[in-house]
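Spelled out, the chains give:
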Amino acid sequence: MPDATYVAFVPSGMTAKLRNVLETEDTGPISWRERKGFFGSEFYFSGPPSLARATHAYISEWVVKH
């Protein structure tokens, strides 16, 4: 099955914290990249569809709670 890619927008005040976590933790089969913008960054998560979807959901919830 082909990989899926999900995009999560993260406000500029939170991007450094997320980037630090992603750089230091083993993300397994999920690859990620960041596209910086003026008000924040778009984080692209690619990998197996169910895992990429779960990662996107987790990051989206994390942004809302913090």
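One structure accompanies this document, and this report is about it. Starting from 1, residues in each chain are numbered consecutively following that chain's sequence as written. Under the rules for a predicted model, residues below a pLDDT of 70 receive no local features and side-chain atom pairs below 80 are neither given nor counted, while totals for whole chains, interfaces and linings still include all residues. Processing note: side-chain calculations cover all non-hydrogen atoms of the structure and skip hydrogens and water entirely.

### Notes on the pattern of salt bridges
Think of a salt bridge as a Lys or Arg side-chain nitrogen and an Asp or Glu carboxyl oxygen that are within 4 Å of each other. All chains considered together, the criterion is met by three salt bridges. As a salt-bridge pair, Glu-34 and Arg-19 come within 2.6 Å of each other at their nearest N and O atoms. With Glu-34 in strand 2 (residues 31-36) and Arg-19 in helix 1 (residues 12-24), the pair connects residues that are 15 residues apart, well separated along the chain. Between Arg-35 and Glu-42 there is a salt bridge; the shortest N-O distance is 3.0 Å. Only runs of H or I of at least four residues qualify as helices and only runs of E of at least two qualify as strands under DSSP, and these elements are numbered from the N terminus.

### Quick notes on the packing of aromatic side chains
Here a Phe, Tyr or Trp ring, Trp counted by its six-membered ring, pairs with any other such ring whose centre lies within 6.5 Å, and the pair is stacked when the planes are under 30 degrees apart, edge-to-face when over 60, and tilted otherwise. Counted according to the given criterion, the structure contains three aromatic pairs. Pairing Trp-32 with Phe-43 gives two aromatic rings, centres 6.1 Å apart and planes at 35°, and the pair type is tilted. Within this pair, whereas Trp-32 is found in strand 2, its partner Phe-43 is found in strand 3 (residues 40-47), the two being separated by 11 residues in sequence. You can call Trp-32 partly exposed: its relative accessible area is 25%. Consider the rings of Phe-38 and Phe-39, whose centres lie 4.8 Å apart with planes at 85°: the pair is edge-to-face. Each of the two residues, Phe-38 as well as Phe-39, counts as exposed. One aromatic cluster is present, formed by Trp-32, Phe-43 and Phe-45 through successive ring pairs. Two thresholds decide whether a charge sits over a ring: the Lys NZ or Arg CZ must be within 6 Å of the ring centre and within 35 degrees of the ring normal. Over the ring of Tyr-44 we find Arg-33; its NZ or CZ atom is 4.0 Å from the centre of that ring. Relative accessibility thresholds used throughout: buried, under 20% of the residue-type maximum; exposed, over 50%; partly exposed, between the two (1.4 Å probe, protein chains only).

### A few points about the sheet that holds strand 3
Only strands that DSSP links by at least two bridges are regarded as paired with each other. Strand order across the open sheet formed by three strands is 1-3-2, with antiparallel pairing between neighbours. The sheet is open, and its two edges are formed by strand 1 (4-11) and strand 2, each paired on a single side. Shown here is a sheet whose adjacent strand axes are inclined to one another by a mean of 20°, direction ignored. As judged from the six bridges shared by strand 2 and strand 3, these two strands associate in the antiparallel manner. Residue Ser-31 lies in a different strand from strand 3, and its bridge partner there is Ser-46. By definition, residues are in contact when any of their heavy atoms lie within 4.5 Å. Geometry is summarised by axes, namely lines fitted to C-alpha atoms with helices restricted to the contacting stretch, and by angles between N-to-C directions that run from 0 to 180 degrees. Contacts from helix 2 (residues 49-65) reach strand 1 and strand 3, with the element oriented near 10° to strand 1.

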